[in-house]
Amino acid sequence: MNTELTAAASNNFLKTIIDEDLKSGKHSCIVTRFPPEPNGYLHIGHAKSICINFGLAREFGGRCHLRFDDTNPAKEEREYIESIKESVSWLGFDWGEHLYYASDNFEQLYQWAVFLIEQEKAYVEDLNAEQIRAHRGTLTEPGTNSPFRTRSVAENLDLFSRMRDGEFPDGTRVLRAKIDMASPNINLRDPVLYRILHTPHPHVGDAWKIYPMYDFAHGQTDAIEGITHSICTLEFESHKPLYEWFLDNLPVSVRPRQYEFARLNLTYTVMSKRKLQELVKLGIVSGWDDPRLPTLEGLKRRGFTAVSVRNFCEQIGVGRSDSWIDVSTLEECVRSDLNESAPRVMAVLRPIKMVIDNFPDDLIEESQAANHPQNPEMGCRTIHFGREIWIDSDDFMEMPSKGFHRLTVGGEVKLRFGYIIKCLRIIKDGQGKIVELHGEYDPASREGIHTADGRKVKGVIHWVSASNAVTAEVRLFDRLFNDPNPDRGGADYKQFLNPNSVETLTNCKLEASLAAADVETRYQFERLGYFRMDPKDSLTSKPVFNRIVTLRDAWNKK
RNA sequence: AGGGGUAUAGCCAAACGGUAAGGCAACGGCCUCUGACGCCGUCAUCUCUUGGUUCGAAUCCAGGUACCCCUGCCA
């Protein structure tokens, strides 16, 4: 069963705050929002935010809005809007009626900007970007006032309205708030409110020639939507005074509050949009949905389940300290979900042919194999056994190492759901490469792992009948990087790329039942891992399977 | 002497003045027709550090230290 974590999840500071706000009567209903900018695809870091925002709303009986923070048309595209909606839905969250766009508020925002001008709290700046920077001062030195800071209200109003009309080219003027050029918080040194951009917008078309900055849009949009708890990542903390300044100085009737949490960092991958984009552009990965990427589309294509991603987000918790979550935590979440839900099946990835010399060559035996060892309700399937079978080359060693208890020359092993077989000789080609194994089976050993004379066979291996095996391609994915933190400053993160992050095996042998494999079903290839048919590259004539994650392997570790 | 944050095990994380939850990882053992799953056990005399207050401190106070964020007409 795809059980959501039911154990009382750990407390976190956001729940504490909301709990108190509800108890004190400050709010009777909480409203949160997930506010992506449609300038790229969502990744697992966004999933954390989505789970927090939608999760909190769900837990406390409130609601969560999906809002596109679309204030910069230079970077935003419709394609991203659609992908983001799709990813949020896939994760299992529903915004219902509450789909919003910051851009739907552009007129109100404009009026508020006019209001600030009238209050002498905003002015049109003629300085160019470089000059503004020079006036801003540094971290340790105060900035200096712009010569345009004292423009009259009338002139500001006129200029701002002409900016809106598209009278001036990009970059020639901006609207700034009049706050404090000497503030130790640089965000308060007369921040830019509006810039001129003669760029069509993915949601509102070419209605605007000026666009509000994030700071001038976010808090106000929160207020308009009636957001009670505006939850964002830590880097916005220094913007909080600005967030409040606008709410204080504008005629808004409600007060959303901003709270910050630490963004997710995952080991052995990169999360920044820029780096993800670069990997795609350089062709290092096949696209945004490359199964090795931490993008939601990539994870989805690889076969991760939404419930496993949600469980992951629940398990890692929410805090305010910078953290690096070990990717093994994510892997464990998929395993535990798939262990319960995935039907078992047999597949041989690196086939060696094994001929059972004492089995009739015209006979194919049918038998039933359980689809799940602990859940009989998942039923059985028919498997076939014949004189020739495929076994995995990893399960045979000519010179076995200590502790190896699979097939060896002269040794015996149990075929999963089959007989005990013994290998008697190896056939090699001119180069000394093994081409075929020959041996015999014990007809009385169908049930259990004991031989006729009562000995217990140590090893059980998977296998596939050569008579009706399905040939397939299987892609074995590994971590994209060799270093736990490729993102660390200094060196180029690309130098840590794992050259073996994908291994493509083209001659894999799957049991016959997989000829009818379902693209939505995650299978456990017994003893190997969890796999899912690739929804893009799979062909009826040549199925392609992605390895989602391996099984834990106590033997391999030694 | 710029401002704002954060420090609890290998990685996350709870604890709200009453004697350090939980998960992941790791390590032993049991079980097993998947070296899987499951089960049992081990894993902080201690909360960045130094002092102080208190019968009692991870929690309160004072001083250090380390790391993160902020000088886009990005979000």
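In this report, the structure presented in the accompanying data block is examined.

Basis of the calculations
- Residues numbered from 1 in each chain as written.
- Chains lettered and ligands numbered in written order.
- Predicted model: local features only at pLDDT ≥ 70, side-chain atom pairs only at ≥ 80, totals over all residues.
- Heavy atoms only, no water.
- Pairing = 2+ DSSP bridges.
- Helix = DSSP H or I, 4+ residues; strand = E, 2+ residues; numbered from the N terminus.
- Axes fitted to C-alpha atoms, helices over the stretch in contact; angles between N-to-C directions.
- Contact = heavy atoms within 4.5 Å.
- Parallel < 35°, antiparallel > 145°, perpendicular 65-115°, else oblique.
- Nonpolar A, V, L, I, M, F, W, Y, C, P; charged D, E, K, R; others polar.
- Salt bridge = Lys/Arg side-chain N within 4 Å of Asp/Glu carboxyl O.

1. Description of the sheet that holds strand β4 (residues 122-125)
Here comes step 1: Strand order across the open sheet formed by four strands is β4-β5-β6-β7, with antiparallel pairing between neighbours. Single-partner strands in this sheet number two, and they are β4 and β7 (210-212). Ignoring which end each strand starts from, the neighbouring axes of this sheet average 20° apart.
Here comes step 2: As defined by bridge partners, strand β6 (residues 192-196) adjoins β7 across three bridges and the pair is classed as antiparallel. Each residue of the ladder has a partner; that of R195, found in β7, is Y211.
Here comes step 3: Its contacts with the sheet place helix α6 (residues 153-164) against β4, β5 (174-177), β6 and β7, and it is angled at close to 60° to β4.

2. Regarding the environment of L296
Here comes step 1: With respect to the helices and strands, the residue L296 is situated in helix α10 (residues 296-302).
Here comes step 2: In contact with L296, not counting residues within four places along its chain, are L42, H43, I44, A47, S87, W90 and L91.

3. Remarks on the packing of helix α2 (residues 44-59) against helix α11 (residues 306-316)
Here comes step 1: One can describe the packing of α2 onto α11 by two numbers: an axis separation of 9 Å at closest approach and a directional angle of 75°. Of the possible angle classes, the one that applies to α2 and α11 is roughly perpendicular. Residue-level contacts link I44, A47, K48 and C51 of α2 to V309, R310, F312, C313 and I316 of α11.
Here comes step 2: When the residues that make up the contact of α2 with α11 are grouped by side-chain class, the tally is seven nonpolar, no polar and two charged.

4. Some words on the pattern of salt bridges
Here comes step 1: Inspection of the entire model under this criterion finds 48 salt bridges.
Here comes step 2: When salt bridges that share partners are traced, they join D289, R301, E473, R475, D534, K536 and D537 into one network.

Purely geometric stuff here, so don't read any function into it on its own.
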